[in-house]
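If you want the building blocks of each chain, they are given just below.
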Amino acid sequence: RRKRRGRSRPWRRSAASSAGLAHEINNLLQPVISLSDLARGRAGEDRKLHTYLNAIHDSGVKARTIMRDVLQFARVEVAESPPGNLEEAVHSALELAAPSMPASIETRARLEPGLNAVTITATELTQVLLNLIQNARDAMPQGGTLTIGARSLSLRERDASRRQLGEGDYVRLTVADTGTGMDEATRQRVFDPFFTTKPVGTGTGLGLSVVYGIVRNGGGDILVESAPGRGTSFIIDLPTAPTGGPGQTTHGMLVHGEGA
Ligand code: ADP
Ligand code: MG
């Protein structure tokens, strides 16, 4: 049986210490970045020296970007927030992603009305959705369709799941795109921290490892189906909080597009 979430969640400690570590490294990076920049100003006509200093500076900036993601991850984990209501989380994630979402991408949400809240927090749920939405966007530079679905998982599906899911009810959350897809080698590495196929400065390779951590720590499961040139689907099963608790569906509003 899955343990109830309580004070002694071990991953909270690791989140707290990863925040400390990230701060520490951030402080060490600051002089690397600013002093290499200063040194560039004094390098004069020495082309080679400029090349070396540029490399130092760029690495420092890149490392700082990664550390920012790590810090953000740690903050999300430590944050206290109510159980995640699916409709609200989908709504806020889409809202957060909207400014960088091109008009060539059509968004559809198909949410079964009246779903129970999931046991991971609202902040975690929004973070999961946002990371998946951003990846879907990046995978559709020519446009396409982003479909977000949520429905309750049948007992049969739960028993047939790859990983042993606990007792109780689950919802199945799906984020699907019609983008580039990925080959098998890429698919197998997507959850690895720092694995990215995106250009330097745009991807840190942390998004999906964050997603994986949140889902697994929350007693859920995640898998990815993808076909090159066809698109990608992330399928997430999450345990729901007992009915009547906070975070339960409070309204039947549907987000963006056709809905259920
Ligand atoms: P990042 O987005 O910073 O690269 P992620 O951990 O979010 O890091 O994703 C890791 C890699 O997985 C991406 O660089 C990409 O190669 C692949 N990937 C993730 N989501 C998708 C998707 N929806 N379609 C195609 N490839 C994806
Ligand atoms: Mg990403």
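Data block above holds the structure.
Residues numbered from 1 in each chain as written. Chains lettered and ligands numbered in written order. Predicted model: local features only at pLDDT ≥ 70, side-chain atom pairs only at ≥ 80, totals over all residues.

Draft legend 1. Fine view of the sheet that holds strand β5 (residues 170–177). Taken together, 5 strands build an open sheet; the order of strands is β2-β4-β5-β7-β6 and the sheet is mixed. The sheet terminates laterally at β2 (105–111) and β6 (221–227), the two strands that pair on one side only. Each strand of the sheet is rotated relative to its neighbour by a mean of 10°, with strand direction disregarded. Looking at chain direction, β6 and strand β7 (residues 231–239) are connected through 7 bridges and run antiparallel. (Pairing = 2+ DSSP bridges. Helix = DSSP H or I, 4+ residues; strand = E, 2+ residues; numbered from the N terminus. Axes fitted to C-alpha atoms, helices over the stretch in contact; angles between N-to-C directions.)

Draft legend 2. Structural view of unusual backbone geometry. The phi torsion at Phe 194 lies on the positive side, around 70°, for a residue other than glycine. Following the sequence through the fold, Phe 194 ends up in the loop between α6 (184–187) and α7 (207–217). Accessibility expressed as a C-beta count within 10 Å gives 11 for Phe 194, which makes it exposed. (Buried ≥ 20, exposed ≤ 12 C-beta atoms within 10 Å, placed from the backbone.)

Draft legend 3. Spatial organisation of helix α3 (residues 86–97). With 12 residues, α3 ought to run about 16 Å at 1.5 Å a step, and its terminal C-alpha atoms sit 16 Å apart, in line with that. Among the residues of α3, Leu 86, Glu 87, Glu 88, Ala 89, Val 90, Ala 93, Leu 94 and Ala 97 are the ones counted as buried. On its buried side, α3 packs onto β1 (83–84), β2, β3 (118–121), α4 (122–138), β4 (144–152) and β5. (Expected span 1.5 Å × (residues − 1). Contact = placed C-beta atoms within 7 Å.)

Draft legend 4. Broad picture of the packing of α4 against α7. At a minimum axis separation of 9 Å, α4 and α7 run at an interaxial angle of 145°. Between α4 and α7 the crossing geometry is left-handed. Mapping the contact onto sequence places Glu 124, Gln 127, Val 128, Asn 131, Leu 132, Gln 134 and Asn 135 in α4 and Gly 207, Leu 208, Val 210, Val 211, Ile 214 and Val 215 in α7. Residue composition of the contact of α4 with α7, by class: 7 nonpolar, 5 polar and 1 charged. (Left-handed = near helix turned anticlockwise from the far one by under 90°. Nonpolar A, V, L, I, M, F, W, Y, C, P; charged D, E, K, R; others polar.)

Draft legend 5. Just the site of ligand 1, in detail. Taken together, 23 residues surround ligand 1, and among them Asn 135, Ala 139, Thr 196, Gly 203 and Gly 207 come closest. When residues of the shell around ligand 1 are traced back to their parent elements, those giving at least two are α4 and α7. In terms of residue class, the shell around ligand 1 is made up of 7 nonpolar, 14 polar and 2 charged. (Near = placed C-beta within 6 Å.)

Draft legend 6. Main features of the nonpolar core. Ranked by size, the top nonpolar core spans 46 residues in total, and within it Val 90, Leu 129, Ile 133 and Val 171 carry the most contacts. No other element matches α4, which puts 8 residues into this core. Residues contacting Ile 133, with those up to four places away along its chain left out, are Ala 93, Leu 94, Ala 97, Leu 146 and Val 175. (Core = buried A, V, L, I, M, F, W, Y, C linked by C-beta atoms within 7 Å.)

Draft legend 7. The pairing of β4, seen in detail. Note that β2 and β4 share 7 bridges and pair parallel. If you follow Ile 105 over to β4, its bridge partner there is Gly 144. With 7 bridges connecting them, β4 and β5 associate as antiparallel partners. Paired with Ile 148 across the two strands is Val 175, which belongs to β5.

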